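Letter by letter, the chains look like this.
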Amino acid sequence: MPKVLVSDPIDQAGIDILSQVAQVDVQTKLSPDELANIIGDYDALMIRSGTKVTQAVIDAGQNLKIIGRAGVGVDNVDVPAATRRGIVVVNSPEGNTIAAAEHALAMMLSLSRYIPVADQSVKAGEWNRKAFTGVEVYKKTLGVVGLGKIGSHVATVARALGMKLLAYDPFISADRAEKLGCRLVELDLLFREADYITLHLPKTPETANLINAKTLATMKPTTRIINCARGGIIDEVALADALSKDVIAGAALDVYAEEPLGPDSPLRSLDRKAILTPHLGASTEEAQINVATDVAEQIRDVLLGLPAKSAVNIPGLRADVMEQMRPYLQLAETLGNLVGQLAGGRIESLNVQMQGELAQKDSQPVVIAALKGLLSHALQERVNYVNANIEAKERGIHVIETRDTDVKGYTSSLRLTAVGSLGEHSVSGVLLGGSEIRVTDIDEFPINVPPTKHMLFTLHRDMPGIIGKIGSLLGSFNVNIASMQVGRKIVRGDAVMVLSIDDPLPEGILDEITKVPGIRDAYTVSL
Ligand SMILES: NC(=O)c1ccc[n+]([C@@H]2O[C@H](COP(=O)([O-])OP(=O)(O)OC[C@H]3O[C@@H](n4cnc5c(N)ncnc54)[C@H](O)[C@@H]3O)[C@@H](O)[C@H]2O)c1
Ligand SMILES: O=C(O)CC[C@@H](O)C(=O)O
């Protein structure tokens, strides 16, 4: 039974799903060293934002197949390191959208009406109504920075509260923004005009310290900022300084550059102008069930050999597309494996030619499957859909894609040509009845063979007696032939022979085959 380590608090709904297929160990609050010491025993790791999955943890996770982040941000996972190791990283892109959006809205209203400090004051025995006169959000301008899933929901609710909306998101069309009731503007204008600024964008090198002393100085003294996205998008020292000098009116933060927030952070000593919550955006009962279920189902699927629906490091390969294209991916992988073994040596380029209906489909999964097949003989199970592209790039394999939508003979066909240090080989194949693989051509010699586990290919001169000689030679080594086919372009010209054999060829026999008069070359392939 596979083993799953859950290293952050996860809703029981997720643990129940994992327990159907795996032994589940829950061990939270592990230090990075403790995690690295035990991770080698596990096939999967499930985390929230508390666990840091570093390169060292990934290196130690020799059996790891999947890392599941029960939430959106995967910034606590070294995704490039996982990708290089072929480990799938999945998240739950939508499970906590509403929770995070509602937290941002709650922060905005709490900040406007001094709710946290008013609450503390009443509990401390006071009754001071004058001290907590707030402001309304109605008819105020909200600037949404990042109009993705969470930003869009915030905008929708804020509109219903009667707010005017500005938005900045370089990857969203003005049309989309308009549908949400937002005017898409440049960031400097948003900073200048907004009464409230809410951040809903990822932290990237471009967005780090997006809000800093200089940008804070351009805001109105009545501006209030809400950050329920990621720490580090705001320069915290500059923010604390701006708040204490009344450069802006308030800030409500859920996320911090360092988490947990350090005891000496200047943010902790701010008065009623600041509300601080300990990364609670996703902390609702509903969101925790959603993300735990979502991610546990993906871990279960990957452990069962099925695709994950929200893998962040399999670019462009959506689970539904993979499922739909599965027969073509099997065709591409088989042909890739075949051409890789025929070419042998170091591969310099792979030409992926898609013909007919296949040429109208998304080529990316087909190319990745072909590369996986091409590299699988050398890398065995170390290569998969996650790292096939990277492994190919690291080996300097140049990939060329060609598409021709004309239907020629078969409705769809795929041809792979590998050029390597030992020469060039090509194979073509089709799917019969939508799922049965047929190899239809090798090095431009027409054949029609189903791929089998062990195969022998010869390139020879088409002449009487040659097939019999190969048959007798294999017989003398006790090799049983399951099927045999010859492909030739002209009578008595060059030809290929394809034999399916029951077992791998014994040592030395390939040399004997190449000595048979008329045989130019011989290759053995195991799929
Ligand atoms: N506080 C929490 O507990 C919590 C919970 C969930 C998500 N989050 C965080 O909230 C953020 C938004 O999540 P989401 O699910 O809406 O993501 P999303 O991917 O749906 O939206 C992010 C948006 O940011 C935009 N963006 C990217 N770079 C930008 C830039 N330089 N300037 C402006 N916009 C930019 C993208 O185009 C996208 O529309 C993420 O950082 C996520 O990690 C926090
Ligand atoms: O795990 C959490 O509670 C935080 C989640 C949130 O930051 C996210 O990115 O989804």
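Residues numbered from 1 in each chain as written. Chains lettered and ligands numbered in written order. Predicted model: local features only at pLDDT ≥ 70, side-chain atom pairs only at ≥ 80, totals over all residues. Heavy atoms only, no water.

- An unreviewed UniProt entry lists the chain under the name D-3-phosphoglycerate dehydrogenase, from Leptolyngbya iicbica LK.
- Per its UniProt entry, the chain bears the Sequence similarities (unreviewed entry) comment "Belongs to the D-isomer specific 2-hydroxyacid dehydrogenase family." (UniProt positions renumbered as here; feature names shortened; annotations may be inferred.)

Some thoughts on the pairing of strand β10 (residues 224–227)
Thought 1: Neither face of β10 is left uncovered, since the one carrying Arg224 and Ile226 and the one carrying Ile225 and Asn227 both have all their residues buried.
Thought 2: Strand direction decides the pairing type here: strand β9 (residues 196–199) and β10, joined by 4 bridges, are parallel. Looking at the pairing, Leu199 lines up with Asn227 of β10.
Thought 3: Here β10 pairs with strand β11 (residues 250–253) via 4 bridges, running parallel. Bridge pairing links Ile226 to Ala252 in β11.
Thought 4: Regarding topology, helix α11 (residues 236–244) serves as the crossover connection from β10 to the parallel β11, and that connection is right-handed. (Buried < 20%, exposed > 50% of the residue type's maximum accessible area, 1.4 Å probe, protein only. Helix = DSSP H or I, 4+ residues; strand = E, 2+ residues; numbered from the N terminus. Pairing = 2+ DSSP bridges. Right-handed = clockwise from strand over helix to strand, strands pointing away.)

Topic: helix α17 (residues 466–476)
Thought 1: Among the residues making up α17, those that are buried are Ile466, Ile470, Leu473 and Leu474. Here the buried residues of α17 occupy an arc of 95° about the axis, which is enough to place them on one side. Residues Ser472 and Ser476 are exposed on α17 and point more than 90 degrees away from its buried face.
Thought 2: Packing partners of the buried residues in α17 comprise β19 (454–461), β20 (481–488), β21 (494–501), α18 (509–515) and β22 (519–526).
Thought 3: Immediately beyond the C-terminal end of α17, within one or two residues, lies Asn478, with a positive phi of roughly 60°. (Arc of directions from axis to C-beta. Contact = heavy atoms within 4.5 Å.)

Describing the sheet that holds strand β18 (residues 445–449)
Thought 1: Read across the open sheet, the 6 strands follow the order β14-β13-β15-β16-β17-β18; overall the sheet is mixed. For this open sheet the edge positions go to β14 (398–404) and β18, each flanked by a neighbour on one side alone. Each strand axis lies, on average, 20° off the axis of its neighbour in the sheet, ignoring direction.
Thought 2: Pairing between strand β15 (residues 412–420) and strand β16 (residues 423–432): 7 bridges, direction antiparallel. Pairing of Val419 across the sheet is with Glu424, part of β16.
Thought 3: Here helix α14 (residues 326–343) sits on the sheet and contacts β13 (347–356), β15, β16 and β17 (436–442); the angle it forms with β16, its principal contact strand, is near 155°.
Thought 4: On the sheet, helix α15 (residues 363–379) packs against β13, β14 and β15 and is oriented at approximately 140° with respect to β13. (Axes fitted to C-alpha atoms, helices over the stretch in contact; angles between N-to-C directions.)

So, the site of ligand 2
Thought 1: The environment of ligand 2 is formed by Arg48, Ser49, Arg69, Gly71, Val72, Gly73, Asn96, Arg230, His279 and Ala282.
Thought 2: Arg230 is positioned such that a nitrogen or oxygen atom in its side chain is 2.6 Å from an oxygen atom of ligand 2.
Thought 3: Residue His279 places a side-chain N or O atom 2.6 Å away from an oxygen atom belonging to ligand 2.
Thought 4: In isolation ligand 2 has 290 Å² of accessible area, and contact with the protein removes 92% of it. (Near = heavy atom within 4 Å. Polar contact = N/O pair within 3.5 Å; in protein donor to acceptor, adjacent residues only side chain to side chain. Areas by Shrake-Rupley, 256 points an atom, 1.4 Å probe, with all protein chains shown as cover.)

Quick notes on a nonpolar patch on the surface
Thought 1: Residues Ile467, Ile481 and Met484 make up a contiguous nonpolar surface patch of about 210 Å² in total accessible area.
Thought 2: Along the chain, the position of Met484 falls in strand β20.
Thought 3: When its relative accessible area of 36% is taken as the criterion, Met484 is described as partly exposed. (Patch = residues over 30% accessible without salt bridge, like charges linked within 9 Å, V, L, I, M, F, W, Y side chains within 5 Å. Salt bridge = Lys/Arg side-chain N within 4 Å of Asp/Glu carboxyl O.)

As for the pairing of β17
Thought 1: Most of β17 sits out of view: 6 of its 7 residues are buried.
Thought 2: Strand direction decides the pairing type here: β16 and β17, joined by 6 bridges, are antiparallel. Bridging from a neighbouring strand, Gly429 pairs with Val439 of β17.
Thought 3: Hairpin connection from β16 to β17: 3 residues lie between these consecutive antiparallel strands, with Gly433 at a positive phi of about 60°.
Thought 4: Bridge count between β17 and β18: 3 bridges; the pairing is antiparallel. Bridging from a neighbouring strand, Asp441 pairs with Pro446 of β18.
Thought 5: In sequence, β17 turns back onto β18 through a hairpin of 2 residues, with Asp443 there showing a positive phi of about 45°.

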